[in-house]
Amino acid sequence: MNSLARSLSEGRWGLERAREMAREVVSRRGAVKALVSTMFAEEAELRKRASDVARRVTDIDVALLRPYADELAGLLAETPPEESRTLWHLGLVVSRTAHTREQRLRAARMMQVQLENESNVARCAGVEGIGLLASEEPELYEIAGELIEKALRDGTLAMKARARHAKRRLEKARKRAGDLG
């Protein structure tokens, strides 16, 4: 177990701790590889915590995790549906790190799967993720628009909040594309 994994496995977990560890990972560039490695740990709690930190890293500097976009998408595809918190964090990481058309289309398919999850947090990540992906990939405008509208109509309060944000992002992207075309 690497030192980052040991640190992740100790003590109580919460938002402030996740943000603190993300700042540490960003400040020590070599720690990114250890973080990604820990995201593949056998222990579900460790994967969840590492995914939480990765999400916070993407808040600071998404470029640090972009080289791992394909690996992280593979991990997301293999994460069991009952690991909803891991799906939540990892779904956002995958949506943010997808930087090629192929990666964005693959990630969009995964977000659609997340929208069918029993867990509200996984569905929230799905709607937020599809909005992020569509804002960078015009081919996703239509499907993202439909999914966002469905979330606005049928979703929980949290989903509706994420869907409103995704809708604004999508509208800006469409406007930008219209200005360019």
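Heads up: these notes are all about the structure in this document. Here the structure is a predicted model, which is why all the values come from computation and not from measurement.

### Focus on a positive patch on the surface
Then, in step 1: On the surface, Arg164, Arg168, Arg169, Lys172 and Arg176 cluster together into a patch of positive charge.
Then, in step 2: Mapped onto the fold, Arg164 is located in helix α10 (residues 157–180).
Then, in step 3: Relative accessible area serves as the criterion here: at 43%, Arg164 is assigned to the partly exposed category.

### Side note on the pattern of salt bridges
Side-chain pairs of opposite charge can arise where the charged atoms are in close proximity.
Then, in step 1: The final tally for this structure, using the stated rule, is 14 salt bridges.
Then, in step 2: The shortest N-O distance in the salt bridge between Arg162 and Glu128 comes to 2.9 Å. With Arg162 in helix α10 and Glu128 in helix α8 (residues 120–134), the pair connects residues that are 34 residues apart, well separated along the chain.
Then, in step 3: Look at Arg162 and you get partly exposed, because its relative accessible area is 23%.
Then, in step 4: Residues Asp154 and Arg153 are paired through a salt bridge, measuring 3.8 Å at the closest nitrogen-oxygen approach. Residues Asp154 and Arg153 agree in their burial class; the two are exposed.
Then, in step 5: Among the charged side chains, a network of salt bridges with common partners joins Arg101, Arg104, Glu137 and Glu139.

### Some remarks on the environment of Pro80
Then, in step 1: Among the structural elements, Pro80 can be located in the loop between α5 (69–78) and α6 (84–97).
Then, in step 2: In this structure the C-alpha to C-alpha distance between Pro80 and Ala44, which are 36 residues apart in sequence, comes to 9.8 Å.

### Focus on the nonpolar core
Then, in step 1: Residues Val25, Leu35, Val53, Val57, Leu65, Leu72 and Val94 are the most contacted members of the largest nonpolar core, which totals 53 residues.
Then, in step 2: Among the elements that take part in this core, α8 stands out by supplying six residues, more than any other.
Then, in step 3: Every residue in contact with Leu65, bar those within four places of it in the chain, is listed here: Val32, Val36, Ala54, Val57, Thr58, Leu72, Val93 and Thr97.

### So, the packing of α5 against α6
Then, in step 1: Two elements in contact, α5 and α6, have axes separated by 9 Å at closest approach and are oriented at 150°. In the crossing of α5 with α6, the sense of the turn from one axis to the other is left-handed. Residues Ala69, Leu72, Ala73, Leu75 and Leu76 of α5 form the contact with α6, whose own contacting residues are Leu87, Leu90, Gly91, Val93, Val94 and Thr97.
Then, in step 2: Residue composition of the contact of α5 with α6, by class: nine nonpolar, two polar and no charged.

### A closer look at helix α3 (residues 31–39)
Then, in step 1: Considered for burial, the residues of α3 that qualify are Ala31, Val32, Leu35, Val36, Thr38 and Met39. Angularly, the buried residues of α3 cover 160° about the axis, an arc narrow enough to put them on a single face.
Then, in step 2: Summarising the contacts, the buried residues of α3 are in contact with α1 (3–9), α2 (15–27), α4 (44–61), α5 and α6.

### Looking at the environment of Leu65
Then, in step 1: Following the sequence through the fold, Leu65 ends up in the loop between α4 and α5.
Then, in step 2: With 46 residues separating them along the chain, Leu65 and Arg19 place their C-alpha atoms 16 Å apart.

### Examining α2
Then, in step 1: Here α2 is 13 residues long and its end C-alpha atoms lie 18 Å apart, about the 18 Å a rise of 1.5 Å per residue gives.
Then, in step 2: Among the residues making up α2, those that are buried are Ala18, Met21, Ala22, Val25 and Val26. Projected onto a plane normal to the axis of α2, the buried residues spread over an arc of 140° and lie on a single side.
Then, in step 3: Packed against the buried residues of α2 are α1, α3 and α4.

### Notes on the side chain of Glu128
Then, in step 1: The class of Glu128 is buried, set by a relative accessible area of 14%.
Then, in step 2: One polar contact links Glu128 to Arg162, side chain to side chain, over a distance of 2.9 Å.
Then, in step 3: The residues touching Glu128, leaving out its near neighbours within four places in the chain, are Leu92, Arg96 and Arg162.

### Quick word on the side chain of Arg123
Then, in step 1: With respect to the helices and strands, the residue Arg123 is situated in helix α8.
Then, in step 2: Salt bridges are absent for the buried Arg123, whose nearest opposite-charge side chain, Glu118, sits at 7.7 Å.
Then, in step 3: Once residues lying within four places of it in the same chain are set aside, the contact partners of Arg123 are Gln114, Leu115, Asn117, Glu118, Thr156 and Met159.

Cut-offs used in this document
Residues numbered from 1 in each chain as written. Predicted model: local features only at pLDDT ≥ 70, side-chain atom pairs only at ≥ 80, totals over all residues. Heavy atoms only, no water. Patch = residues over 30% accessible without salt bridge, like charges linked within 9 Å, V, L, I, M, F, W, Y side chains within 5 Å. Areas by Shrake-Rupley, 256 points an atom, 1.4 Å probe, with all protein chains shown as cover. Salt bridge = Lys/Arg side-chain N within 4 Å of Asp/Glu carboxyl O. Lys, Arg positive; Asp, Glu negative; His and termini not counted. Charge placed at Lys NZ, Arg CZ, Asp CG, Glu CD. Helix = DSSP H or I, 4+ residues; strand = E, 2+ residues; numbered from the N terminus. Buried < 20%, exposed > 50% of the residue type's maximum accessible area, 1.4 Å probe, protein only. Core = buried A, V, L, I, M, F, W, Y, C linked by side-chain atoms within 4.5 Å. Contact = heavy atoms within 4.5 Å. Axes fitted to C-alpha atoms, helices over the stretch in contact; angles between N-to-C directions. Left-handed = near helix turned anticlockwise from the far one by under 90°. Nonpolar A, V, L, I, M, F, W, Y, C, P; charged D, E, K, R; others polar. Arc of directions from axis to C-beta. Expected span 1.5 Å × (residues − 1). Polar contact = N/O pair within 3.5 Å; in protein donor to acceptor, adjacent residues only side chain to side chain.

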